[in-house]
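Fold and contact review
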Amino acid sequence: DVRVRQALNYGIDRDALNERMYDGQGEPQWGFFASDSPLHNDEVDGYFEHDPERARALLAEAGQEDLTFNVVFTEGTESQRAAEIVQQQWAEIGVTIELVPLQNPGDFFPDAQAGALNIFPLMRSGIQKVVRNLTPPSIGNVCGWDDPELNDLVGQLNALPQDSPEAVELWA
């Protein structure tokens, strides 16, 4: 239910996450690229600004006021710390997550049986930020997402130099 995904996004306080993980020295991420990248799209900045009331309302509309699910992470990494912080933030909107450590990050793939969500750093560059998780037949695409429009855009981006004006426009 898209409302649940939206609620989970509104339930994350990215500024607090940055403060607690990086002493405020990082940058809350709104899209695929940091603000100093030519591929950054300013239109997504603040798109899911922290709004616990809106998050709770969306969960209620979706009939998920007492949502509970497993979240996996790789033990001893930044992912663990992020999962712990998000667990606290989502508790404020009525979402309970059970944190499940993975011994091997590959244990989540290819079918996401270990948990409904995997918190991990998306450190891939360029088109791999999309291809890795949102296009078939990537092992990271655990939901089997297959969107013809997105696949077409990926094909167009693959044919262009990453920093070309045409690529920047396609990314936007």
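Summarised in this report is the structure supplied together with it. The shown structure was predicted, so the numbers you read here are calculated from the model rather than taken from an experiment.

Looking at the packing of helix α2 (residues 14-22) against helix α4 (residues 78-91)
Two elements in contact, α2 and α4, have axes separated by 10 Å at closest approach and are oriented at 140°. When the axis of α2 is compared with that of α4, the two are oblique. Of the two elements, α2 crosses α4, and the hand of that crossing is right-handed. Of the residues in α4, those touching α2 at Ala16, Leu17, Arg20, Met21 and Tyr22 are Glu78, Arg81, Ala82, Ile85, Gln88 and Gln89. Looking at the contact of α2 with α4 residue by residue, the class counts come to six nonpolar, two polar and three charged.

Observations concerning the pairing of strand β2 (residues 96-102)
Looking at chain direction, strand β1 (residues 68-74) and β2 are connected through seven bridges and run parallel. Along β2, the bridge assignment pairs phenylalanine 73 with proline 101. Taken together, β1, α4 and β2 constitute a β-α-β crossover, and its handedness is right-handed.

What about the nonpolar core?
By size, the foremost hydrophobic cluster in this structure holds 26 residues, and its most contacted members are Leu59, Phe69, Trp90, Val95 and Ile97. If you list the elements that add at least two residues to this core, you get α1 (2-10), α2, α3 (52-61), β1, α4 and β2. A per-element tally of this core places α4 first, with five residues.

Some words on the pairing of β1
Counting buried positions over the seven residues of β1 gives five, a clear majority of the element. With two bridges joining them, β1 and strand β3 (residues 117-118) adopt parallel strand pairing. Residue valine 71 lies in a different strand from β3, and its bridge partner there is leucine 117.

What to know about the side chain of asparagine 41
Along the chain, the position of asparagine 41 falls in the loop between α2 and α3. A distance of 2.9 Å separates a polar atom in the side chain of asparagine 41 from the backbone nitrogen of glutamate 43. Only 3.2 Å separates the side chain of asparagine 41 from the backbone oxygen of alanine 172, close enough to count as a polar contact.

Reading the values: the criteria
- Residues numbered from 1 in each chain as written.
- Predicted model: local features only at pLDDT ≥ 70, side-chain atom pairs only at ≥ 80, totals over all residues.
- Heavy atoms only, no water.
- Axes fitted to C-alpha atoms, helices over the stretch in contact; angles between N-to-C directions.
- Helix = DSSP H or I, 4+ residues; strand = E, 2+ residues; numbered from the N terminus.
- Parallel < 35°, antiparallel > 145°, perpendicular 65-115°, else oblique.
- Left-handed = near helix turned anticlockwise from the far one by under 90°.
- Contact = heavy atoms within 4.5 Å.
- Nonpolar A, V, L, I, M, F, W, Y, C, P; charged D, E, K, R; others polar.
- Pairing = 2+ DSSP bridges.
- Right-handed = clockwise from strand over helix to strand, strands pointing away.
- Core = buried A, V, L, I, M, F, W, Y, C linked by side-chain atoms within 4.5 Å.
- Buried < 20%, exposed > 50% of the residue type's maximum accessible area, 1.4 Å probe, protein only.
- Polar contact = N/O pair within 3.5 Å; in protein donor to acceptor, adjacent residues only side chain to side chain.

Everything listed here is a matter of coordinates, which is why it stays silent on function.
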